[in-house]
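Fold and contact review
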Amino acid sequence: MFESVLVANRGEIAVRVIRACREMGIRSIAIFSEADRRALHVLEADEAYCVGPPPSSESYLRWDRILEVARGAGADAIHPGYGFLAERAHFSKAVQEAGLVFVGPSPETIAAMGDKTEARRRMQRAGVPIVPGTTDPLADPQGAGELAREIGFPVLLKASAGGGGKGMRVVEKPGDITRAFEAASREAQAAFGDGSLYLERFLDAPRHIEIQVMGDQFGNVLHFGERECSIQRRHQKLIEEAPSPVITPELRKAMGAAAVRAAEAVSYLGAGTVEFLFKDGEFFFLEMNTRLQVEHPVTELVYGIDLVELQFRVAAGEALTLEQDSLRALGHAVECRITAEDPYRGFLPSTGRIDYLRLPAGPGVRWDGGIISGFEVGLNYDPLLGKLIVHAPSRTAALRRMVRALDEMVIRGVETCVPFHRRVMDEEDFQRGSVSIRYLEDHPDLMDGEEDESILRAAAVAAALVEEEEQGRLRLDLAPQDGRVGFSAWRLGGRAFMGRR
Amino acid sequence: MRYFVTIGTRVLEVELGPQGVRVEGEDVVADLAEMDGTEVRALLLGGKSHRILVGREGPGDWSLYLSGRRLQARVLDERRQAIQKLTGMGLGGGGPKALRAPMPGLVIKVEVKEGDQVVPGQGLVIVEAMKMENELRAEGEGRVGRVLVAAGQTVEKDQVLVEFEAPEDHTEKGPEG
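Our subject in this report is the structure included herewith. Bear in mind the structure is a predicted one, so any value in this text is a computation, not a measurement.

**Focus: helix α3 (residues 63-73) of chain A**
All names here are of chain A. Within α3, burial applies to Ile66, Leu67, Val69, Ala70 and Ala73. The buried residues of α3 occupy an angular sector of 160° when projected down its axis, which confines them to one face. Turned more than 90 degrees from where α3 packs its buried face, Glu68, Arg71 and Gly72 sit exposed. At its buried positions, α3 is contacted by β1 (4-7), β2 (27-33), β3 (47-52), β4 (77-79) and α4 (89-97). Gly74 sits one or two positions beyond α3 and adopts a positive phi of about 75°.

**What about the interface of chain A and chain B?**
Facing the 56 residues of chain A at the interface are 57 residues of chain B. Buried surface at the junction of chain A and chain B, summed over both partners, amounts to about 5,200 Å²; 62% is from carbon and sulfur atoms. Of all residues in chain A, the largest losses of buried area upon contact with chain B belong to Leu379, Arg412 and Arg457 of chain A, amounting jointly to 12% of the total for that side. Across the chain A-chain B interface, the total number found is eight salt bridges. Across the salt bridge formed by Glu415 of chain A and Arg69 of chain B, the nearest N and O atoms sit 3.8 Å from each other. Where chain A meets chain B, there are 14 residue pairs in polar contact (both at pLDDT 80 or more). Where the side of chain A that touches chain B is concerned, the elements lending two or more residues are β16 (348-349), β18 (356-358), α12 (395-408), β22 (410-412), α16 (453-476) and α17 (489-500) of chain A. The leading source of residues in the side of chain A that touches chain B is α16 of chain A, at 20 residues. Looking at side-chain class alone, the side of chain A that touches chain B contains 28 nonpolar, nine polar and 19 charged residues.

The rules behind each value
- Residues numbered from 1 in each chain as written.
- Chains lettered and ligands numbered in written order.
- Predicted model: local features only at pLDDT ≥ 70, side-chain atom pairs only at ≥ 80, totals over all residues.
- Heavy atoms only, no water.
- Buried < 20%, exposed > 50% of the residue type's maximum accessible area, 1.4 Å probe, protein only.
- Helix = DSSP H or I, 4+ residues; strand = E, 2+ residues; numbered from the N terminus.
- Arc of directions from axis to C-beta.
- Contact = heavy atoms within 4.5 Å.
- Buried area = accessible area lost by both parts, 1.4 Å probe.
- Salt bridge = Lys/Arg side-chain N within 4 Å of Asp/Glu carboxyl O.
- Polar contact = N/O pair within 3.5 Å; in protein donor to acceptor, adjacent residues only side chain to side chain.
- Nonpolar A, V, L, I, M, F, W, Y, C, P; charged D, E, K, R; others polar.

Put into structure tokens, the structure is as follows:
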């Protein structure tokens with residue numbers, strides 16, 4: 001095992017990796033930008049070195065400086081976390097060339113999966129299902145009609161040169177295809193100077209379901225079931241859970257096998273995630289993320305494993321000793337991403353100093369966070385403050401536990417999306433597990449900013465009482481007035497309470 | 001004493017007397033306890049327990065944190081309320097309302113011009129920060145007075161971007177309205 005690891009990241013994921021290092025007896029080396037001198041990952045690491053000014057491009061993305069720090073501090077390996085340099089093939093290569101171990105797949109694997117059309121082609125060859133259709137231009141409406149009948153309606157006509165929804169048409173039934181073809185082609189011609197179209201199966205409001213995989217240097221690849229990640233905003237996941245409420249053991253086996261084939265097709269090493277779109281019992285390859293995911297803890301909780309520890313083990317050359325058939329998900333886990341965004345103002349990023357922090361605790365609650373009281377949340381980095389994760393025997397119990405944990409949590413100083421999560425937990429479609437990637441668009445009322453009447457009343461009473469208390473104190477210094485000198489408002493309230501008993 | 005507490009667009013009437021507390025005309029048992037030396041208050045309202053963080057921002061101005069939300073409350077007692085009504089200042093204070101930048105960033109697009117009538121939710125200015133475009137929307141109805149920024153301009157937090165003409169009916173909405 002490694003003696004020391006440099007963590008080339010910040011925030012909650014850096015803290016997560018450092019925690020694994022400490023538990024495994026590995027010396028942890030943090031890096032930080034000038035904006036992060038007081039960040040939690042710096043406080044938790046054994047060693048920490050500054051790599052540059054606040055902008056990521058001058059610090060967390062400066063792989064040359066990061067390598068210099070790694071060499072200077074005597075690191076054996078570099079863990080990239082997610083984001084920043086995690087999926088840059090050239091970084092993985094540079095780490096190898098410097099004689100250190102990159103905790104993740106090879107530069108070739110990262111490059112192959114990073115090119116999305118190349119990845120699709122490889123997956124098709126490996127027998128991983130992709131959305132049925134063609135990437136070659138269609139000759140005419142008749143050809144389109146024949147192909148559409150073959151793959152099944154509804155279909156989506158797309159401009160080959162396309163983007164931004166122009167030259168795009170959903171066709172529900174065979175009779176509509178000629179008119180739709182001509183309209184889409186005209187639109188594409190006008191927008192891109194190229195009227196050629198292609199066609200694929202239209203997935204209306206699919207789910208996003210992904211499979212966790214792990215590969216070692218001996219060609220063993222395991223999967224750890226699925227995560228349901230349909231609750232998203234602009235492709236940014238907000239809530240994840242494992243297992244998915246709609247995946248049967250048979251489907252899990254089929255999706256797991258497909259994900260393992262996908263990983264084997266690129267000689268996968270380390271932790272990775274194969275993302276699928278899921279609709280009506282069918283699943284289609286979307287993309288593969290060649291790194292640890294933000295939402296990895298839900299998988300850890302239901303499978304009772306430590307994915308970061310496994311990453312370190314396979315990176316250090318150990319073989320995976322777990323048996324696929326012995327892996328079973330136990331209970332249900334849910335994660336809410338807690339971001340510094342105001343859900344009532346279009347998820348506008350919020351900045352400020354965290355001046356009061358109370359984290360939930362108690363049975364089945366896990367907090368993977370990157371914040372501390374006094375920390376300044378700025379605009380240089382991702383607004384993710386941490387992840388609140390719960391584990392319980394059933395989905396119903398997990399949702400109740402999440403409500404309880406969200407209610408315990410206090411983060412003051414920045415607006416957070418906690419109230420949004422709280423509302424989702426109460427929403428019926430979510431409770432039934434009836435979700436899709438269109439969930440937010442279908443439930444705009446979750447973000448309408450209407451405060452609950454009981455909350456408003458509590459706030460109004462508290463404000464009036466503290467104001468009266470404030471004025472009462474002032475009156476002590478003045479002449480007596482109304483015979484109510486020195487009556488502090490809260491005691492006055494307390495009297496009412498006592499009187500009633 | 002009767003208080004008028006403005007939170008967002010709502011004005012709630014709270015009466016504190018020796019006999020107890022009355023909110024919006026309803027009697028309710030209230031007990032506010034202070035966690036000594038902190039901003040934490042434990043409120044029992046009709047038996048329901050609330051944990052509230054309070055911060056004094058100025059005379060009658062309080063910031064309250066409860067149930068995951070930060071709320072701004074302006075508390076006026078009935079005398080100050082009457083005086084403000086007489087002087088025509090309204091609950092929200094005088095002067096035109098303004099759209100301020102909620103964070104430093106780059107103005108991508110200004111979607112309104114002087115004299116435009118805007119409705120709640122209408123896009124006003126798009127500001128880029130954290131590599132994300134954020135559309136700032138009108139919180140209430142009004143007419144655009146002055147536009148103080150243009151596309152391509154960088155702005156500081158709280159910088160005024162768009163001013164609105166003072167509404168004719170002052171009693172309707174607070175400063176957050």
